[in-house]
Amino acid sequence: MTLYSFKQLNRSDLEQLTGRPAADWPGVIQTVTPILESVRVEGDTAVLRYTEQFDGITPDPAWIDPNAEQAVLPKAEKSAIDQAIRNVALFHSQQQRGTLRVETSPGISCSRVSRPIDRVGLYIPGGSAPLPSTAIMLAVPATVAGCSTLVMATPPDQDGRVPQPIRYIAQETGVKGILLAGGAQAIAAMAYGTETVPKVDKLFGPGNQYVTAAKMALQNSNALVSIDLPAGPSELLVIADRSANPEWIAADLLSQAEHGEDSQVVLVSLPGFDLDGLNQSLTAQLNTLPRKKIAEEALKKSFILSCATPDEAIRFSNLYAPEHLILNTRKAAEQTDQIQNAGSVFVGPWTPESLGDYASGTNHTLPTYGYARMYSGVSLESFQKQITFQTATESGLREIGTVVETLAEMEGLSAHARAVRIRLGEADSRTDGSTKQKTS
């Protein structure tokens, strides 16, 4: 990992470091666009063709009922999944908001309520590392939110079947069906719907650059679908001071580097941190990894930044806006208020990022590529939409009617003003008539 010094970097250098490894987005879009269009036109036929082309497998059937057969899992794996489901369900259920009610003016009552999104598509990455944990992170909050139709898509295993852990999670969370396909073709199938795959209203899930490009293209198409967030290759930034164990930091960095060759990990070191010990631990641990080659490629895109003070370190972190941030410092708990841009933060030496990936309860579907500056990670609200209501009494309409009329006329929208005026006019006539009757 290349070593930089914060004090020697100018503004241009900082912008370059906070940028991510360059992706050929024009080329990716060019590749993805015909796939999306083929699935829109041909449906299942195109999905199967691309699955054969990219994965070398033609699953039969490609759309399965997760309850068609019982998932077979070792007891320990089933127990671990059950605990993770409980923790994620508990944390997300506590995010449920009650109805908001406010009287903005006398006689004017406004309220805001949450309603579940009906149909959601959950993309579970596969390929080199199937991710049942992502199935938990998406299906559990969708269930808690009350979504009526959960559609899942994941690449088939080498036997053309759904991985057993994912089948089990689908069964436990009420998933309607699983599409055995990955990549842009799976995203398009859920967005447009096919002969077998129901069309969804919102797409969820991380993936490679092709999946991310497909999601972003489809939300700006006639598919009439929204997405959770831009969630691309995994990334991690660690801030470590002299109190941090270099062996632990090496393990943290490698835990994200092994995700994929396009992942990026960053260490921001403070005075006294043992960089020599880190490099020795990185080499030793890397040599034991089954995914060594993948992690090595990711480390080539990664770097170490030396900072003189905690303020410098946090300043850089906020500029970088990492998907995952580990604060492995002596005063980590006191520094959390300074964090402005991050997908999820792991506080203190006993909080490895792996906890959030699997079972702490927070969601691991998070913004990458610096999108943490403006996006939140997936939460219960991601599976809901908010509807506002307003109720006016006659006196309430009188209270703000003139305001509405004035603003409408300012914009040249006379019918808007008339909708208020005609009501107030009738109310005035009724009042005048009532007054005359009483006088006579």
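The following paragraphs examine the structure supplied in this document. If you're wondering where the values come from, they're calculated on a predicted model, not measured in any experiment. (Residues numbered from 1 in each chain as written. Predicted model: local features only at pLDDT ≥ 70, side-chain atom pairs only at ≥ 80, totals over all residues. Heavy atoms only, no water.)

Quick look at unusual backbone geometry
Trans peptide bonds make up the majority, and among non-glycine residues the majority have a negative phi. Along the chain, aspartate 60 connects to proline 61 via a cis peptide bond; the corresponding omega equals 0 degrees. Inspection of the secondary structure puts proline 61 in the loop between α3 (44-55) and β2 (63-64). Unlike most non-glycine residues, leucine 224 shows phi in positive territory, near 55 degrees. Following the sequence through the fold, leucine 224 ends up in the loop between α8 (209-218) and β9 (226-227). Taking relative accessible area as the criterion, leucine 224 reaches 70% and is therefore assigned exposed. Located in the positive-phi region is alanine 321, a residue other than glycine, with phi close to 55 degrees. (Helix = DSSP H or I, 4+ residues; strand = E, 2+ residues; numbered from the N terminus. Buried < 20%, exposed > 50% of the residue type's maximum accessible area, 1.4 Å probe, protein only.)

Some thoughts on the sheet that holds strand β5 (residues 119-123)
Taken together, 6 strands build an open sheet; the order of strands is β2-β7-β6-β5-β8-β9 and the sheet is mixed. Since the sheet does not close on itself, it has two edges, and those belong to β2 and β9, each with one partner. Alignment of strand β6 (residues 149-154) against strand β7 (residues 177-180), held across 4 bridges, turns out to be parallel. Following the sheet pairing, valine 151 is matched in β7 by glycine 177. Its contacts with the sheet place helix α7 (residues 183-192) against β5, β6, β7 and β8 (202-204), and it is angled at close to 175 degrees to β5. (Pairing = 2+ DSSP bridges. Contact = heavy atoms within 4.5 Å. Axes fitted to C-alpha atoms, helices over the stretch in contact; angles between N-to-C directions.)

A word on the pairing of β6
In terms of burial, β6 is largely enclosed, as 6 of its 6 residues are buried. Viewed along the sheet, the connection from β6 through helix α6 (residues 164-173) into β7 turns out right-handed. (Right-handed = clockwise from strand over helix to strand, strands pointing away.)

Some details on the layout of surface pockets
By volume, the largest pocket amounts to about 1000 Å³. The wall of the largest pocket is formed by 45 residues, among which Pro125, Gly126, Leu131, Gly207 and Asn208 lie closest to the centre. Among the secondary structure elements, those contributing two or more residues to the lining of the largest pocket are α2 (25-42), α3, α5 (132-145), α7, α8, α9 (246-257) and α14 (353-358). Considering each element in turn, the lining of the largest pocket owes the most residues, 4 residues, to α14. (1 Å grid on protein atoms, 1.4 Å probe; cavity = no way out; pocket = protein on both sides within 12 Å on 5 of 7 lines; lining within 4 Å. Points joined across faces, edges and corners; volume = space filled by probe spheres on them.)

A short note on helix α4 (residues 75-93)
Because the α-helix completes a turn every 3.6 residues, residues three or four places apart line up on one side. Over its 19 residues, α4 runs 27 Å from end to end, which matches the ideal 27 Å to within 8%, given 1.5 Å per residue. On the buried face of α4, the contacting elements are α5, α6 and α14. (Expected span 1.5 Å × (residues − 1).)

What to know about the environment of glycine 146
Locating glycine 146 in the fold gives a position in the loop between α5 and β6. Residue glycine 146 is classed as partly exposed on the basis of its relative accessible area, which comes to 41%. As for glycine 146 and glutamine 338, which are separated by 192 residues in sequence, their C-alpha atoms are 35 Å apart.

Quick notes on the nonpolar core
Formed by 36 residues in total, the largest nonpolar core has its most connected members in Val120, Leu122, Ile136, Leu150, Met152, Ile178 and Phe383. The set of elements that each furnish at least two residues to this core consists of α4, β5, α5, β6, α6 and β7. A per-element tally of this core places α5 first, with 8 residues. Those residues in contact with isoleucine 136 that sit more than four places away from it in its chain are Ile81, Ala84, Ile85, Val88, Pro141 and Ile169. Grouped together as the second largest cluster of nonpolar side chains are 32 residues, Leu36, Tyr50, Ala184 and Ile187 included. (Core = buried A, V, L, I, M, F, W, Y, C linked by side-chain atoms within 4.5 Å.)

Topic: the sheet that holds strand β3 (residues 100-105)
Reading across from one edge, β3-β4-β15 is the order of the 3 strands in this open sheet, with antiparallel pairing throughout. The open sheet has two free edges, formed respectively by β3 and β15 (384-392), since each of these has just one partner strand. Geometrically, the sheet is characterised by an average inter-axis angle of 25 degrees between neighbouring strands, direction not taken into account. Bridge count between strand β4 (residues 108-116) and β15: 9 bridges; the pairing is antiparallel. Bridging across to β15, isoleucine 108 finds its partner in alanine 392. Running over the sheet, helix α15 (residues 394-410) touches β3, β4 and β15 and is turned about 100 degrees from β4.

Regarding the pattern of salt bridges
The tally for this structure, following the rule as stated, stands at 12 salt bridges. Across the pair glutamate 37 and arginine 40 runs a salt bridge, and its minimum N-O distance is 2.6 Å. Taken together, the positions of glutamate 37 and arginine 40, both in helix α2 and 3 residues apart, correspond to about one turn of that helix. Residue arginine 40 is classed as partly exposed on the basis of its relative accessible area of 38%. One salt bridge in this structure joins arginine 49 and glutamate 42, with 2.9 Å as the shortest N-O distance. Under the relative-accessibility criterion, glutamate 42 is labelled partly exposed at 31%. Each of the salt bridges in this network shares a partner with another, and the network as a whole consists of Glu405, Glu409 and Arg421. (Salt bridge = Lys/Arg side-chain N within 4 Å of Asp/Glu carboxyl O.)

Quick look at the environment of leucine 90
Structurally, leucine 90 is set in helix α4. Classification of leucine 90 by relative accessible area gives exposed; the value is 53%. Sequence separation between leucine 90 and aspartate 118 is 28 residues, and the spatial gap between their C-alpha atoms is 22 Å.

Regarding empty space enclosed by the protein
For the coordinates displayed, the defined rule picks out 1 cavity of 30 Å³ or more. Of the volumes computed, that of the largest cavity is approximately 40 Å³. Forming the boundary of the largest cavity are Arg20, Pro21, Pro233, Ser234, Glu235, Asp262, Gln264 and Tyr369. Taken together, the residues of the lining of the largest cavity sort by class into 3 nonpolar, 2 polar and 3 charged. (Nonpolar A, V, L, I, M, F, W, Y, C, P; charged D, E, K, R; others polar.)

Some words on the packing of aromatic side chains
To describe a pair of aromatic rings, one takes the distance between the centres and the angle between the planes. Evaluation of the coordinates by the stated rule reveals 8 aromatic pairs. Linked through ring pairs, Tyr4, Phe303, Phe316 and Tyr320 together constitute an aromatic cluster. Sitting over the face of the ring of tyrosine 320, arginine 20 holds its NZ or CZ atom 3.6 Å from the ring centroid. Above the face of the tyrosine 50 ring, arginine 49 is positioned so that its terminal group lies 5.2 Å from the ring centre. (Phe/Tyr/Trp six-rings, centres within 6.5 Å; stacked < 30°, edge-to-face > 60°. Lys NZ or Arg CZ within 6 Å of the ring centre and 35° of its normal.)

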